[in-house]
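Take a look at the letters that make up each chain.
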Amino acid sequence: MERTFVMIKPDGVQRNLIGKIISRFEDKGYRIVAMKLMQVTRDLAERHYEEHRGKPFFESLIDYITSGPVVVMVLEGKDVVAGVRKMNGATNPAEAAPGTIRGDYALDIGRNVIHGADSVESAQREISIYFKEEELLNYEKVTEKWIYEYE
Ligand code: IDP
């Protein structure tokens, strides 16, 4: 089963959106296999966003991500990486469709509420930055037989 890494950014926590955002992912059918509230250090943020080092927005991005607590989670489900990206909406909230998280809850690219890994490889890398292997739980939910049509 595919896994992705998701972060409710500091603005999402400050704006009381934790519950609403988690509900969307639960309602869709994804399983939460790890989750915690944490303060991201600059070192951690720079490792997470190392592909953006040198870009004009890099320092403000690191300031943003380290500006307050975040909720990090690992979600599991069928095609969850692409599914979460669609639910999050376009990076720039001005371009994010209504009904997406950024489309419904954000206005500025530098305050876009949520992060989701952009590929299976990025998800694995980000999960290993934020979680220890033993923090990822293996369990099943009884509802899953109503979510998946097993062959
Ligand atoms: P993503 O979060 O949709 O994967 P990325 O291009 O990986 O988008 O950018 C990472 C984060 O950096 C964005 O979510 C946004 O918070 C911030 N960011 C990206 N581009 C800009 C920009 O042009 N100005 C300010 N912040 C930006």
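Residues numbered from 1 in each chain as written. Predicted model: local features only at pLDDT ≥ 70, side-chain atom pairs only at ≥ 80, totals over all residues. Heavy atoms only, no water.

- The name recorded for the protein chain in an unreviewed UniProt entry is Nucleoside diphosphate kinase, from Calderihabitans maritimus.
- The heading Sequence similarities (unreviewed entry) in the UniProt record of the protein chain holds the text "Belongs to the NDK family."
- According to its UniProt record, the protein chain has this under Subunit (unreviewed entry): "Homotetramer." (UniProt positions renumbered as here; feature names shortened; annotations may be inferred.)

1. Side note on the overall build of the protein chain
Turning to step 1, where the next piece is worked out: Counting its secondary structure elements, the protein chain contains 7 helices and 4 strands.
Turning to step 2, where the next piece is worked out: Helices and strands in the protein chain line up, N terminus first, as β-α-α-β-α-α-β-α-α-β-α.
Turning to step 3, where the next piece is worked out: Taken against the 2.2 N^0.38 rule, which gives 15 Å for 151 residues, the C-alpha radius of gyration of the protein chain at 15 Å falls within 12% of a compact globule.
Turning to step 4, where the next piece is worked out: Oriented by its inertia axes, the alpha-carbon framework of the protein chain measures out at about 50 × 35 × 25 Å.
Turning to step 5, where the next piece is worked out: Within the protein chain, the proportion of its 151 residues that are buried is 48%.
Turning to step 6, where the next piece is worked out: Put simply, of all contacts in the protein chain between residues at least 6 apart along the chain, 76% involve residues at least 24 apart.
Turning to step 7, where the next piece is worked out: Counting every atom, the protein chain has about 8500 Å² of accessible surface; 51% of that belongs to carbon and sulfur.
Turning to step 8, where the next piece is worked out: Counting 21 positive and 25 negative side-chain charges, the protein chain places the centres of these two groups 3 Å from one another. (Helix = DSSP H or I, 4+ residues; strand = E, 2+ residues; numbered from the N terminus. Rg over C-alpha atoms; globule rule 2.2 N^0.38 Å. Buried < 20%, exposed > 50% of the residue type's maximum accessible area, 1.4 Å probe, protein only. Contact = heavy atoms within 4.5 Å. Areas by Shrake-Rupley, 256 points an atom, 1.4 Å probe, with all protein chains shown as cover. Lys, Arg positive; Asp, Glu negative; His and termini not counted. Charge placed at Lys NZ, Arg CZ, Asp CG, Glu CD.)

2. Brief notes about the site of the ligand
Turning to step 1, where the next piece is worked out: Close to the ligand lie Lys 9, Tyr 49, His 52, Phe 57, Leu 61, Tyr 64, Arg 85, Thr 91, Arg 102, Ile 109 and Asn 112.
Turning to step 2, where the next piece is worked out: For the ligand, an oxygen atom lies 2.8 Å from a polar atom in the side chain of Asn 112.
Turning to step 3, where the next piece is worked out: When isolated, the ligand has an accessible area of 530 Å², and the protein chains bury 77% of it.
Turning to step 4, where the next piece is worked out: Of the residues in the shell around the ligand, the class split is 5 nonpolar, 3 polar and 3 charged. (Near = heavy atom within 4 Å. Polar contact = N/O pair within 3.5 Å; in protein donor to acceptor, adjacent residues only side chain to side chain. Nonpolar A, V, L, I, M, F, W, Y, C, P; charged D, E, K, R; others polar.)

3. Considerations on the environment of Ile 129
Turning to step 1, where the next piece is worked out: Among the secondary structure elements, Ile 129 is positioned in helix 7 (residues 120-130).
Turning to step 2, where the next piece is worked out: A relative accessible area of 15% means that Ile 129 is categorised as buried.
Turning to step 3, where the next piece is worked out: Here the alpha-carbon distance between Ile 129 and Lys 141, two residues 12 residues apart in the chain, equals 27 Å.
Turning to step 4, where the next piece is worked out: Each residue touching Ile 129, except ones within four places of it in the same chain, is listed here: Leu 44, Arg 47 and His 48.

4. Comments concerning the environment of Glu 126
Turning to step 1, where the next piece is worked out: You can see Glu 126 is positioned in helix 7.
Turning to step 2, where the next piece is worked out: C-alpha of Glu 126 to C-alpha of Leu 37: the two residues are 89 residues apart in sequence and 16 Å apart in space.

5. Here's the deal with the UniProt feature "domain: Nucleoside diphosphate kinase-like" (unreviewed entry) in the protein chain
Turning to step 1, where the next piece is worked out: Using the residue numbers shown here, the UniProt feature "domain: Nucleoside diphosphate kinase-like" (unreviewed entry) corresponds to residues 1-138.
Turning to step 2, where the next piece is worked out: Secondary structure across residues 1-138 comprises 41% helix and 17% strand; the distance between its end C-alpha atoms is 11 Å.

6. Let's talk about the side chain of Lys 9
Turning to step 1, where the next piece is worked out: Along the chain, Lys 9 falls in the loop between strand 1 (3-8) and helix 1 (10-14).
Turning to step 2, where the next piece is worked out: We note that Lys 9 is buried and unpaired, the nearest opposite charge coming from Asp 11 at a distance of 6.7 Å.
Turning to step 3, where the next piece is worked out: Excluding its chain neighbours within four sequence positions, the residues that come into contact with Lys 9 are Tyr 49, Tyr 64, Ile 65, Val 70, Arg 102, Asn 112, Val 113, Ile 114 and His 115. (Salt bridge = Lys/Arg side-chain N within 4 Å of Asp/Glu carboxyl O.)

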